[in-house]
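# Descriptive structure summary
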Amino acid sequence: MRKLIFILLGLILSITSTAQYDSSVYNYIHTYKDIAIVEMIRTGVPAAITIAQGILEAKAGKSELVLKSNNHFGIKCKITWTGERVYYNDDAQGECFRKYASATESFKDHSNFLKVNSRYAFLFTLDPTDYSAWAYGLKQAGYATDPRYAPLLIQCIEKYRLQDYTLLALSIITTQHQEQNHLSNN
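Residues numbered from 1 in each chain as written. Predicted model: local features only at pLDDT ≥ 70, side-chain atom pairs only at ≥ 80, totals over all residues. Heavy atoms only, no water.

Turning our attention to the confidence of the model for the protein. Averaged over every residue, the pLDDT of the protein is 87; the share at 70 or more is 81%. Helix α5 (residues 131–140) holds the highest mean pLDDT among the elements of the protein, 98, whereas helix α8 (residues 175–185) holds the lowest, 53. Segment residues 4–19 is flagged for pLDDT under 50; beyond a separation of four residues in sequence, or across chains, it makes zero contacts in the model. (pLDDT = per-residue confidence, 0-100. Helix = DSSP H or I, 4+ residues; strand = E, 2+ residues; numbered from the N terminus. Contact = heavy atoms within 4.5 Å.)

It is worth spelling out the pattern of salt bridges at this point. A side chain of one charge can pair with a side chain of the opposite charge if their charged atoms are brought near each other. For the structure shown, the criterion picks out nine salt bridges. For the salt bridge of Asp 146 with Arg 148, the shortest nitrogen-to-oxygen distance reads 3.1 Å. (Salt bridge = Lys/Arg side-chain N within 4 Å of Asp/Glu carboxyl O.)

Attention now goes to the state of the cysteines. Counted by the stated rule, this structure contains one disulfide. What pairs with Cys 77 in a disulfide is Cys 96, and their sulfur atoms sit 2.0 Å apart. Given an S-S torsion of about -65°, the disulfide between Cys 77 and Cys 96 has left-handed geometry. Here Cys 77, found in the loop between α3 (64–69) and β1 (85–88), pairs with Cys 96, found in strand β2 (residues 95–98); they are 19 residues apart in sequence, far enough to count as distant. (Disulfide = S-S within 2.5 Å.)

If you trace the backbone, Lys 33 turns up in helix α1 (residues 2–43). Setting aside residues up to four positions removed in sequence, Lys 33 forms contacts with Ile 51 and Tyr 165.

Attention shifts here to the packing of aromatic side chains. Overall, the coordinates contain eleven aromatic pairs when judged by the stated rule. Each residue in the set Tyr 28, Tyr 32, Phe 73 and Phe 107 is aromatic and connected to the rest through ring pairs, giving one cluster. Seen from the ring of Phe 124, Lys 115 lies directly overhead, with NZ or CZ sitting 4.4 Å from the centre. (Phe/Tyr/Trp six-rings, centres within 6.5 Å; stacked < 30°, edge-to-face > 60°. Lys NZ or Arg CZ within 6 Å of the ring centre and 35° of its normal.)

On to the environment of Ser 132, then. As for its position among the elements, Ser 132 is in helix α5. Of the residues examined, Ser 132 reaches a relative accessible area of 29% and is grouped as partly exposed. With 18 residues separating them along the chain, Ser 132 and Ala 150 place their C-alpha atoms 7.6 Å apart. (Buried < 20%, exposed > 50% of the residue type's maximum accessible area, 1.4 Å probe, protein only.)

The next subject is the pairing of β1. The pairing of β1 with β2 spans four bridges and is antiparallel. Residue pairing across strands places Tyr 88 opposite Glu 95, the latter belonging to β2. Remark: six residues form the turn of the hairpin made by β1 and β2, two consecutive strands paired antiparallel; Gly 94 in that turn has positive phi of roughly 65°. (Pairing = 2+ DSSP bridges.)

As structure tokens, this is what we get:
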């Protein structure tokens, strides 16, 4: 009987934790979807990819790095960065990360980072609606060290229907159509 109670408690805690995370993710999407759409129109980086990367990299806006630096994409300083910096333990201790005055600056820099960096150039030859190719391309180009990065991005895009924001940016669907889609699936 005691074992059953512990199993049930574990299940309840797991469900509650998942629901809270999903709530944070939906708030993150609602907050930043418009910036991702504008950035896609400006640079060609698919909005679905941008939002999914933000969810993963920033833990839906709750990560320590985001709270310290507004860095939603885990972009490191490298030698070309001349802006503000913050130091954070990631792959190694005390790594230098870019610091931004706002989330909007972080989103714009993310788009620019991908657009002007030659190792990501091949991504812009891909169909912007092919989020799977973009996800695997980002991993191939070395954006993240996690071997599961591409499947995690894809899972995030599919779970939260982020592809709709890419389609909105391309004017393939309307906002009204997208909202109806989300209402019918929630």
